[in-house]
Amino acid sequence: MALWGGRFTQAADTRFKQFNDSLRFDYRLAEQDIVGSIAWSKSLLSVGVLTEEEQQKLELALNELKLAVMEDPEQILQSDAEDIHSWVETQLINRVGDLGKKLHTGRSRNDQVATDLKLWCRQQGHQLLMALDRLQSKMVSVAREHQATVLPGYTHLQRAQPVTFAHWCLAYVEMLERDYSRLSDAIKRLDTCPLGSGALAGTAYPMDREQLAHNLGFQRATRNSLDSVSDRDHVMELMSIASISMLHLSRLAEDMIFYNSGESGFIELADTVTSGSSLMPQKKNPDALELIRGKTGRVYGSLAAMMMTVKALPLAYNKDMQEDKEGLFDALDTWNDCMEMAALCFEGIKVNGERTLEAAKQGYANSTELADYLVAKGIPFREAHHIVGVAVVGAIAKSCALEELSLEELKAFSPVIESDVYAILTIESCLEKRSALGGVSPKQVKYAVNQAQKRLDERDNSGVTVRAARLTDIDSLEGMVAYWASLGENLPRNRNELIRDIGSFAVSEHHGEVTGCASLYVYDSGLAEIRSLGIEAGWQGQGQGAAIIKYLVDKARQMAINKVFVLTRVPEFFMKQDFIPTSKTLLPEKVLKDCDQCPRQHACDEVALEINLNEQVIIQVNMA
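Residues numbered from 1 in each chain as written. Predicted model: local features only at pLDDT ≥ 70, side-chain atom pairs only at ≥ 80, totals over all residues. Heavy atoms only, no water.

A. Structural context of the overall build of the chain. The number of helices and strands found in the chain is 25 helices and 13 strands. Along the longest, intermediate and shortest principal axes, the C-alpha atoms of the chain span 100 × 80 × 50 Å. Across the 624 residues that make up the chain, the buried fraction comes to 50%. At a minimum sequence separation of 6, the contacts of the chain that also span at least 24 residues come to 75%. (Helix = DSSP H or I, 4+ residues; strand = E, 2+ residues; numbered from the N terminus. Buried < 20%, exposed > 50% of the residue type's maximum accessible area, 1.4 Å probe, protein only. Contact = heavy atoms within 4.5 Å.)

This is the structure in structure tokens:
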């Protein structure tokens, strides 16, 4: 069913419908569209468009739809709906009848899709940051192993000066670090909520858009309705970052393809990332690297297409903007896949240190050292440069290296040359002299490896910091609790309640940013409940929740609490934290009274689990 058919007396041509519809690709925004719809229903409640009963009924149906989508997102593609927004609305109407038609009050598909896309970009951005982190970590690990492995450095694809394999790895780590910085900044810039901007002039209902933004986990609401619905800067910025990063990956791939070639023989890639020839059985082709190099153009194309699409669009929304999603999805998927494949190419890589050392000794890579030697003897650099050039010609004529010329032969080029010249012509000397910051001396390479590892460790998500909540965390707590309550995962808590109960909350923290929260609510009789567990969007699956649960269970143990329980729809997660299933009928009556606030109270699917701390103490004592 079309959402706009009242104005029309004829049905759309089927060819136009196929041309116009976007469900085949924007179905990926289903979860975001449902989350946004739940938040919108709460805003409609706040301005009196929906009653509390109606809002709760809509929220329950939307949450059920979200669970169904998470289990099988491909089911959406079986529909002939125009787009994901009409699919969600149709599904909602099928579940709750005419009440579902009230949800779109005051909202346009323009601000709806802009919000969905920003929610998706924010979540995807955090996943891409983790992929960048994993690739950097792998390259730093390889660099640590090969700090002493000499490698010829090149300019113009001519051997220039010796470096190390570690120094080469770290050059790409630096490029990826800039990509990480750009992506982090882009995520901060897109963290604004367009919902409530309407089609272009804003919504006619006096709702609190800042509160709406916080309910969706955004930092703030957008400031201009025209800009809000027509802005696709974040799409182009993410594509731009992907393009620059793919450029880095392509250069990495090209270097490794060259190093892996028979002509170089510097490295050998593992069988897991290479393929053979259908005709020549001896071949071992670096297909993974060649595909990274090839897919770079594909990402560039997405960025160019998007910029051409937007460059002359008048304000505000135009159907051209539907073209933003396919290119964005493909560009970010491709970037993510290529980062994973690049990391895989460093698994099992073999570096032929003897071959790289021999190559570094060739090509007169120590010529600059000889020039510096002459400068130290008082000869102006330009003159020294000329002398060494003549010496190289002489060595080439004898088919030998500079250090293989006799002292008499070297003195023929300059009388200031003495026997001490041979010490500075060694590979070791060439490396050691480059001891300034960023150079290739062993000391500097070791320092660079350690600094790179330190940067990675500082943003390592595996070592989660958990602490007691403070009043200064209240904005973050309010946003997370509201977000997960809007999804029906937690009971709603207003700001005053959060301030009152701040002492019961714990938060996970990453570089000063609150990434998760939960509270320990204490009853009498030695019983406590874990409530309001929520993780900031983009931080799920990184150990935040498990660390918070451990912190609160330890806190309960220190308080001599006998038993901690939880009501949840994800029992598997808590069972991994040593909770065991129990019956809700065994819980005190005052616990179940809180269920009156829950929109799911008449269709509750929560499971009760508990952990008996007294039994754990007894087991630990017996084991000791």
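B. Layout of a nonpolar patch on the surface. On the surface, Leu200, Leu226 and Leu315 cluster together into a nonpolar patch covering about 270 Å² of accessible area. Here leucine 315 lies in the loop between helix H11 (287–310) and helix H12 (324–345). What makes leucine 315 exposed here is its relative accessible area of 62%. (Patch = residues over 30% accessible without salt bridge, like charges linked within 9 Å, V, L, I, M, F, W, Y side chains within 5 Å. Areas by Shrake-Rupley, 256 points an atom, 1.4 Å probe, with all protein chains shown as cover. Salt bridge = Lys/Arg side-chain N within 4 Å of Asp/Glu carboxyl O.)

C. Examining the pairing of strand E2 (residues 158–164) more closely. Pairing of strand E1 (residues 150–155) with E2, which is carried by five bridges, proceeds in the antiparallel orientation. The residue bridging threonine 155 from the neighbouring strand is glutamine 158, located in E2. In this antiparallel pair of consecutive strands, E1 and E2, the connection spans two residues, and histidine 156 shows a positive phi of 55°. (Pairing = 2+ DSSP bridges.)

D. Up close: the nonpolar core. Membership of the largest hydrophobic core comes to 113 residues, with the highest contact counts inside it found for Trp168, Leu249, Met256 and Trp335. Those residues within four positions of tryptophan 168 in sequence are excluded, and the remaining contacts are Leu151, Leu252, Asp255, Met256, Tyr259 and Phe346. Core analysis: the second largest hydrophobic core is formed by 22 residues, Ile530, Ile548, Leu552 and Ala556 among them. (Core = buried A, V, L, I, M, F, W, Y, C linked by side-chain atoms within 4.5 Å.)

E. The arrangement of the layout of surface pockets in detail. In this structure, the second largest pocket spans a volume of roughly 950 Å³. Secondary structure elements with two or more residues in the lining of the second largest pocket: helix H6 (109–145), helix H7 (165–189), helix H20 (474–486) and strand E9 (513–522). Sort the elements by how many residues they give to the lining of the second largest pocket and H7 lands first, with seven residues. The class makeup of the residues in the lining of the second largest pocket is nine nonpolar, 14 polar and eleven charged. Looking at the lining of the second largest pocket, you find at least three residues from each of domain 2 (131–201 + 220–352) and domain 4 (464–622). (1 Å grid on protein atoms, 1.4 Å probe; cavity = no way out; pocket = protein on both sides within 12 Å on 5 of 7 lines; lining within 4 Å. Points joined across faces, edges and corners; volume = space filled by probe spheres on them. Nonpolar A, V, L, I, M, F, W, Y, C, P; charged D, E, K, R; others polar. Domains from an automatic or database assignment.)

F. Broad picture of the pattern of salt bridges. Throughout the structure, instances matching the rule amount to 35 salt bridges. Put simply, arginine 467 and glutamate 509 hold a salt bridge, and the shortest N to O gap is 3.2 Å. Note that arginine 467 is positioned in strand E7 (residues 465–468) and glutamate 509 in strand E8 (residues 505–510), a separation of 42 residues in sequence.

G. Summary view of the domain arrangement of the chain. By domain assignment, the chain separates into domain 1 (14–107), domain 2 (131–201 + 220–352), domain 3 (361–425) and domain 4 (464–622). For domain 1 and domain 2, the distance between their C-alpha centroids amounts to 34 Å. Opposite the twelve residues of domain 1 that make contact, domain 2 presents eight residues. Between domain 1 and domain 2 the total buried area reaches about 890 Å² when both faces are included, carbon and sulfur atoms providing 64% of it. The interface formed by domain 1 and domain 2 includes two salt bridges. (Buried area = accessible area lost by both parts, 1.4 Å probe.)

H. Inspection of the packing of H6 against helix H10 (residues 233–260) at higher detail. It is at 11 Å that the axes of H6 and H10 come closest, and there the two elements cross at 20°. Relative to H10, the element H6 is oriented roughly parallel. Between H6 and H10 the crossing geometry is left-handed. Seen from H6, the contacting residues are Leu117, Lys118, Cys121, Leu132, Leu135 and Met139; seen from H10, they are His234, Val235, Leu238, Ser245, Leu249 and Leu252. (Axes fitted to C-alpha atoms, helices over the stretch in contact; angles between N-to-C directions. Parallel < 35°, antiparallel > 145°, perpendicular 65-115°, else oblique. Left-handed = near helix turned anticlockwise from the far one by under 90°.)

I. View of the environment of glycine 100. Position of glycine 100 relative to the elements: it lies in the loop between helix H5 (84–96) and H6. As for glycine 100 and lysine 57, which are separated by 43 residues in sequence, their C-alpha atoms are 9.5 Å apart. When sequence neighbours within four positions are dropped, the list of residues in contact with glycine 100 reads Leu58, Glu89, Leu92 and Ile93.

J. Geometry of the sheet that holds strand E13 (residues 607–612). Strand order in this open sheet of seven strands is E7-E8-E9-E10-E11-E13-E12, and the pairing throughout is mixed. Each edge of the open sheet is held by one strand with a lone partner, namely E7 and strand E12 (580–581). Pairing geometry for E8 and E9, over six bridges, is antiparallel. Paired with glutamate 509 across the strands is valine 514, a residue of E9.

K. Structural context of unusual backbone geometry. Along the chain, leucine 315 connects to alanine 316 via a cis peptide bond; the corresponding omega equals 10°. Its identity as a non-glycine residue notwithstanding, histidine 156 has a phi of 55°, on the positive side. Secondary-structure assignment places histidine 156 in the loop between E1 and E2. The exposure class assigned to histidine 156 is exposed, which follows from its relative accessible area of 75%.

L. Inspection of the packing of aromatic side chains at higher detail. Inspection of every chain in the model, using the stated rule, returns 13 aromatic pairs. Each ring, one from tyrosine 521 and one from tyrosine 523, has its centre 4.9 Å from the other, and the planes form 70°; the classification is edge-to-face. Here a set of aromatic residues connected by ring pairs shows up, and it is made of Tyr154, Phe165, Trp168, Tyr172, Phe258, Tyr259, Phe266 and Phe346. Cation over ring: arginine 122 sits above phenylalanine 218, and NZ or CZ is 4.7 Å from the ring centre. Over the ring of tyrosine 521 we find arginine 531; its NZ or CZ atom is 4.0 Å from the centre of that ring. (Phe/Tyr/Trp six-rings, centres within 6.5 Å; stacked < 30°, edge-to-face > 60°. Lys NZ or Arg CZ within 6 Å of the ring centre and 35° of its normal.)

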